[in-house]
Amino acid sequence: MKSGVEVRHFLDIAQMPSQDLRAIMDDALWRKSVGRAGPKPLDGKMLAMIFEKPSTRTRVSFDVAMRQLGGETLFLSGTEMQLGRSESIADTARVLSRFVDAIMIRTTEHGRLLEMAEAATVPVINALTDDTHPCQIMADLLTFEEKRGSLQGKIFAWSGDGNNVLNSFIEASGRFGFRLNIATPEGSEADPRFLAKARAEGADIHTGYNAVEAVTGAHCVVTDTWVSMGREEQARGNEVFMAYQVNDELMRHAAPEALFMHCLPAHRGEEVTDSVIDGPQSVVFDEAENRLHAQKSILAWCFGEVGRND
Ligand code: CP
Ligand code: NVA
């Protein structure tokens, strides 16, 4: 990307203009409908994909997305790069910017993502940090809209750990106009920084410790692992979380047509039972597929190609 031209990073839902989020969602629905036969606006472009944590869905969906848009990818494992031997993230960003057209990074501290974006002269995409997972939430909201229509005024309920995926839902709540009910155990609450910022922007978010209260009347019930990557040493034990397990009894309190979502990977028998994740309300594999379609549009947006469906 030439200097002087605005570099479009996809770092977080809260950092994105609302109209661009809407445009990405509409573009994703359209790209999904045209499939792999659609246009290839990223012909000749190279995406570097840095992983400092494991991944199945994010790695494969970005790789396939880039190829379907006409581009190519480089998979870079953080531990095999000089990054793993303490080369700075900023120098890594400067070097990669000379070779590739965009950088996707899955990392630990959120500050590493921001440092990468600050130093890079090509678009940087957040593929999960300790704090957020915005690409996942774009796919989840795309899935909801496909199945149930407008998000406006709908109720999402989160039952489980107050983690990075929840933080991105918190950021999305006000932007997309849905209410978010959160139930977590004491000591694993949602990050107050994210709550305060979202509420200051008008988001309708309710927090508490009772899973039944959170789920009652919800149009979508969401959970995630009780132990996120890199937090294994802080694991609190299943007994702390068992009251938040999404099982048939908990789902009975949601709206009759409620969807069940989980970003995967799931820990069956812990945060969700087989009967729910394999049941008729579960859309977890649609969410996984929609990672591909949402990310094609996120990539296209980074290159100014969203809204140009010709
Ligand atoms: N949901 C998600 O990000 O999965 P991976 O860790 O497999 O990429
Ligand atoms: N909260 C989980 C999400 C995995 C996709 C983690 O960070 O491990």
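Just above sits the structure.
Keep in mind the model is a prediction, meaning the values are calculated, not measured. (Residues numbered from 1 in each chain as written. Chains lettered and ligands numbered in written order. Predicted model: local features only at pLDDT ≥ 70, side-chain atom pairs only at ≥ 80, totals over all residues. Heavy atoms only, no water.)

J.: In this structure, what is going on with the overall build of the chain? I would like to understand it.
T.: Summing up its helical and strand segments, the chain has twelve helices and nine strands in all. Taken over the C-alpha trace, the chain has a radius of gyration of 19 Å; the compact-globule value for 310 residues is 19 Å, and the two agree within 12%. Seen through its C-alpha atoms, the chain measures out along the principal axes to roughly 55 × 45 × 35 Å. Within the span of the chain, comprising 310 residues, buried residues form 55% of the whole. For the chain, long-range pairs separated by at least 24 residues make up 74% of all intrachain contacts whose partners lie at least 6 apart in sequence. For the chain, the exposed surface amounts to about 13200 Å²; the carbon and sulfur share of it is 49%. (Helix = DSSP H or I, 4+ residues; strand = E, 2+ residues; numbered from the N terminus. Rg over C-alpha atoms; globule rule 2.2 N^0.38 Å. Buried < 20%, exposed > 50% of the residue type's maximum accessible area, 1.4 Å probe, protein only. Contact = heavy atoms within 4.5 Å. Areas by Shrake-Rupley, 256 points an atom, 1.4 Å probe, with all protein chains shown as cover.)

J.: Would you mind going over the pattern of salt bridges with me for this structure?
T.: When the charged atoms of two side chains with opposite charge come close together, those side chains can pair. The final tally for this structure, using the stated rule, is 18 salt bridges. Of the charged contacts in the structure, one is a salt bridge between glutamate 249 and arginine 252, with a shortest N-O distance of 2.7 Å. You can call glutamate 249 partly exposed: its relative accessible area is 43%. You can call arginine 252 exposed: its relative accessible area is 60%. Connected through salt bridges with shared partners, the residues Arg22, Asp26 and Glu145 form a single ionic network. (Salt bridge = Lys/Arg side-chain N within 4 Å of Asp/Glu carboxyl O.)

J.: In this structure, what is going on with the side chain of lysine 53? I would like to understand it.
T.: Inspection of the secondary structure puts lysine 53 in the loop between β1 (46–51) and α2 (57–68). Among the polar contacts made by the side chain of lysine 53, one reaches the side chain of aspartate 130 at a distance of 2.6 Å. Looking at lysine 53, its side chain comes within polar contact range of the main-chain oxygen of methionine 229, at 3.4 Å. Filtering out sequence-adjacent residues up to four positions away, lysine 53 remains in contact with Arg106, Thr107, Thr108, Leu128, Thr129, Asp130 and Met229. (Polar contact = N/O pair within 3.5 Å; in protein donor to acceptor, adjacent residues only side chain to side chain.)

J.: Could you clarify how one ought to interpret the packing of helix α1 (residues 18–34) against helix α5 (residues 134–148) in this entry?
T.: Look at α1 against α5: their axes get within 10 Å of each other, and the N-to-C directions meet at 65°. Comparing their axes, α5 and α1 come out roughly perpendicular. Crossing hand, α1 versus α5: right-handed. Within the contact between the two elements, α1 uses Leu21, Arg22, Ile24, Met25, Ala28, Leu29 and Lys32 and α5 uses Met138, Leu141, Leu142, Glu145 and Glu146. Looking at the contact of α1 with α5 residue by residue, the class counts come to eight nonpolar, no polar and four charged. (Axes fitted to C-alpha atoms, helices over the stretch in contact; angles between N-to-C directions. Parallel < 35°, antiparallel > 145°, perpendicular 65-115°, else oblique. Left-handed = near helix turned anticlockwise from the far one by under 90°. Nonpolar A, V, L, I, M, F, W, Y, C, P; charged D, E, K, R; others polar.)

J.: Any chance you could explain empty space enclosed by the protein here in plain terms?
T.: Empty space among the atoms becomes apparent when a probe as large as a water molecule is rolled across them. What the rule picks out here adds up to two cavities of 30 Å³ or more. With three residues, helix α7 (residues 192–200) is the largest single contributor of residues to the lining of the largest cavity. Here the residues of the lining of the largest cavity are counted per class, giving three nonpolar, no polar and three charged. Here the second largest cavity defines a volume of roughly 40 Å³. (1 Å grid on protein atoms, 1.4 Å probe; cavity = no way out; pocket = protein on both sides within 12 Å on 5 of 7 lines; lining within 4 Å. Points joined across faces, edges and corners; volume = space filled by probe spheres on them.)

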